[in-house]
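Secondary and tertiary structure notes
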Number of protein chains: 2
Amino acid sequence: MPLLVTGSIGIDSVKTPFGQSNNCIGGSAIYFSMSASFFTDRVRLLGVIGQDCPFDLTELFAGRGVDLSGLERRLTSKTFRWAGSYEGAMNEAVTDQISLNVLAEAPPAVPEQYVDSEFVFLANTAPSLQLQLLEQIKNPSFVAADTMNCWIESRRDELSVLLKRIDALIINDGEARMLSGEFNLMRAAERILEMGPEIVIIKKGEHGSMMNSKSRDSFILPAFPTSDVKDPTGAGDSFAGAFMGYLADGEKIDFKSLKKAVAYGTVAASFTIEEFSLEGLLRISRDDIDKRLALLEEVTKF
Amino acid sequence: MPLLVTGSIGIDSVKTPFGQSNNCIGGSAIYFSMSASFFTDRVRLLGVIGQDCPFDLTELFAGRGVDLSGLERRLTSKTFRWAGSYEGAMNEAVTDQISLNVLAEAPPAVPEQYVDSEFVFLANTAPSLQLQLLEQIKNPSFVAADTMNCWIESRRDELSVLLKRIDALIINDGEARMLSGEFNLMRAAERILEMGPEIVIIKKGEHGSMMNSKSRDSFILPAFPTSDVKDPTGAGDSFAGAFMGYLADGEKIDFKSLKKAVAYGTVAASFTIEEFSLEGLLRISRDDIDKRLALLEEVTKF
């Protein structure tokens, strides 16, 4: 089934205890699409870049089944830029510099050939924009969204509307606590489910993730144990990409398939963080993902 | 096989966002013994109390197969007291008041009938005391120990000697990072294994635990998902008690049985934290533990 992602495309500079990368490709839509492309060849990217974008996205996604007809290049605008750094356990990025540029302008238009998308992922942006984009999709069967602390704080009303319109919310633990007002993550999940979505996935960085459903099913999975974390940037969007890609390629959505989708998301994220920028995803095949999935099963079952 | 535990017996006062308990029974040897007693009736407790100890340990452990011949009551001494509090996610206790009392005196003597103990758990205390106690055991087949930041900082040499004499080290994530000098917990585990033990278990509070072996086996298990955490005190020692109790009752120790032991440790800890003091363990049966183990398997497998 076609899988639409709308999110950022950025020029990233990242510094971690293990090195740095300058002016590399980044952005939620990029990590998501690359990760999802291992599972389905019907990814549809919706995003916007400026005239200064140094990356050839057609070449980047060549042969990966990613439709770029929703990619808009604005000749009088500049591409989104982000510079960040990580320290210690690298659980949280510090933003050193951010230039929204084209992201502060009107969002890209949804092309006619995208409006029948069955699966939709709304990467983090203002909830009003997420809603505006979602309204342009005719009849989506499964919609997931991400959000972040600034929208939880300053756009609570719009976010509440969004939460009633989506099937799954995928956020990190700090955001889940802020959104729910609960420290205990099981309670936080319960509160968030009351706000609308059928499914909530709480990502806990190096501690993995948990998924809860309105029908009171729970799933908890550690992160894949890797000793080579170089750059956590993109982990969350790689997770979401594999999660949604696996579901979009599947027969049906039940808690069993959702669990496996979370496991695939975990594995995709583990490859992303082993290298800077997209390198971790660019050097692997679907076979590498499946091998690591088997290993993840082995180290978690008892 | 007989399982010896040496550790503290204390009078605890604890305050958490969910209430408080005053002058309740606590201490590592108490939580450990109670938890282990669900798995084996050959627990041997070694510990010391003062004349002011208000608890009847004979009554507390009645019918639970806990040998108290190593319990020493010193008529001119006072019992160990600890007052602590927890906030937020309750991952770490703040010590509000501590009176070592009898714990600052000479350790209890190992009774003759304990020297053939096959399984030994050395709860947290000065590494020199742990070594001194261990030397009195004739030929233990499996020794595990806990330690903490103050010994890692101030008694590194003695701790190094201890690490070469034990089979398993069970510590928390902050201690593992301090001991190894590594932030990444997989790397931390590798460094610690180089220091001596065959097995290292790193406890991550609400995020569960991980176990690594010298033969490069790994196991990662989330905490049991509970929305009712009232008091985390004793979680680590309850974990260790169930872990060692299950092994001591078993046929052999291999990575498969070690994994199951970690799972039982996780479940025992989950009952402890649902109530103040020992209440969580006192109200359950082995059947409750096994039911929750099955549930833990269900919410972690994919």
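Reading the values: the criteria
Residues numbered from 1 in each chain as written. Chains lettered and ligands numbered in written order. Predicted model: local features only at pLDDT ≥ 70, side-chain atom pairs only at ≥ 80, totals over all residues. Heavy atoms only, no water. Helix = DSSP H or I, 4+ residues; strand = E, 2+ residues; numbered from the N terminus. Buried < 20%, exposed > 50% of the residue type's maximum accessible area, 1.4 Å probe, protein only. Contact = heavy atoms within 4.5 Å. Areas by Shrake-Rupley, 256 points an atom, 1.4 Å probe, with all protein chains shown as cover. Lys, Arg positive; Asp, Glu negative; His and termini not counted. Charge placed at Lys NZ, Arg CZ, Asp CG, Glu CD. Pairing = 2+ DSSP bridges. Axes fitted to C-alpha atoms, helices over the stretch in contact; angles between N-to-C directions. Parallel < 35°, antiparallel > 145°, perpendicular 65-115°, else oblique. Left-handed = near helix turned anticlockwise from the far one by under 90°. Nonpolar A, V, L, I, M, F, W, Y, C, P; charged D, E, K, R; others polar. Expected span 1.5 Å × (residues − 1). Arc of directions from axis to C-beta. Least-squares fit on C-alpha atoms with pLDDT ≥ 70 in both. Phe/Tyr/Trp six-rings, centres within 6.5 Å; stacked < 30°, edge-to-face > 60°.

Within chain A one finds 11 helices and 13 strands. Residue burial in chain A is summarised as follows: out of 302 residues, 59% are buried. Looking at chain A alone, contacts between residues at least 24 apart form 64% of all its contacts between residues at least 6 apart. Roughly 12100 Å² of accessible area belongs to chain A as shown, and the carbon and sulfur atoms make up 47% of that amount. Computed over 30 positive and 42 negative side-chain charges, the inter-centroid distance for chain A is 3 Å.

Our focus in this paragraph is the pairing of strand β6 (residues 80–85) of chain A. Residue and element names in this part refer to chain A. Burial within β6 is extensive, with five of its six residues counted as buried. One ladder, built from six bridges, connects strand β2 (residues 10–16) with β6; its direction is parallel. Counted as the bridge partner of Ser13 is Ala83 from β6. Relative to strand β7 (residues 94–99), β6 runs antiparallel, the two being bridged by five bridges. In the strand pairing of β7, Gly84 is matched with Thr95.

All right, on to the packing of helix α6 (residues 173–180) of chain B against helix α7 (residues 185–194) of chain B then. Residues and elements named next belong to chain B. Taken N-terminus to C-terminus, the directions of α6 and α7 make an angle of 60 degrees; their axes are 9 Å apart at the nearest point. One way to sum up the angle between α6 and α7 is to call them oblique. Taken as a pair, α6 and α7 cross one another with a handedness that is left-handed. Note on element contacts: α7 touches α6 through Leu185, Ala188, Arg191 and Ile192, opposite Asp173, Ala176, Arg177, Leu179 and Ser180. Across the contact of α6 with α7, the residue classes tally to five nonpolar, one polar and three charged.

All names here are of chain A. The terminal C-alpha atoms of helix α11 (residues 286–300) lie 21 Å apart, and with 15 residues this matches the ideal 21 Å at 1.5 Å per residue to within 8%. Looking at α11, one finds that the buried residues are Ile289, Arg292, Leu293, Leu296, Val299 and Thr300. All buried residues of α11 fall inside an arc of 130 degrees around its axis, so they share one side.

Let us look at the environment of Ile192 of chain B. Residues and elements named next belong to chain B. Checked against the element boundaries, Ile192 lands in helix α7. Taking the C-alpha atoms as reference points, Ile192 and Thr95, separated by 97 residues in sequence, lie 27 Å from one another. Once residues within four sequence positions are removed from consideration, Ile192 is found in contact with Leu169, Ile171, Ala176, Leu179, Ser180, Pro197 and Val200.

Placing chain B over chain A gives an RMSD of 0.0 Å and needs a rotation angle of 180 degrees, together with 0.0 Å of translation along the axis. The superposition operator between the copies reduces to a two-fold rotation axis. When the interface residues of chain B are mapped onto chain A, 100% of them again fall at the interface, so both copies present the same face.

Right, let's get into the packing of aromatic side chains. Residue and element names in this part refer to chain A. Tallied over the full model, the rule gives 12 aromatic pairs over all chains. Measuring from centroid to centroid gives 5.9 Å for Phe119 and Phe142, while their planes differ by 40 degrees, and the two rings are tilted. Of the two residues, Phe119 sits in strand β8 (residues 119–122) while Phe142 sits in strand β9 (residues 142–145), which places them 23 residues apart along the sequence. Each member of the pair Phe119 and Phe142 is classed as buried. Their ring planes at 10 degrees and their centres at 6.4 Å tell us that Phe239 and Phe243 sit as a pair that is stacked.

Residues and elements named next belong to chain B. Two elements in contact, helix α1 (residues 28–36) and helix α8 (residues 235–249), have axes whose closest approach is 7 Å; the angle formed by their N-to-C orientations is 40 degrees. In terms of orientation, α1 and α8 fall into the oblique class. The two elements α1 and α8 cross, and the hand of that crossing is right-handed. Here α1 contributes Ser28, Tyr31, Phe32, Ser35 and Ala36 to the contact with α8, which in turn contributes Asp237, Ser238, Ala240, Gly241, Ala242, Met244 and Gly245. Taken together, the residues of the contact of α1 with α8 break down into six nonpolar, five polar and one charged.

Right, let's talk about the sheet that holds β2 of chain A for a bit. Residue and element names in this part refer to chain A. What the four strands build is an open sheet, ordered β3-β2-β6-β7; its pairing is mixed. Each having just a single partner strand, β3 (19–26) and β7 make up the two edges of the open sheet. Here the strands of the sheet are splayed against their neighbours by 15 degrees on average, with no regard to which way each runs.

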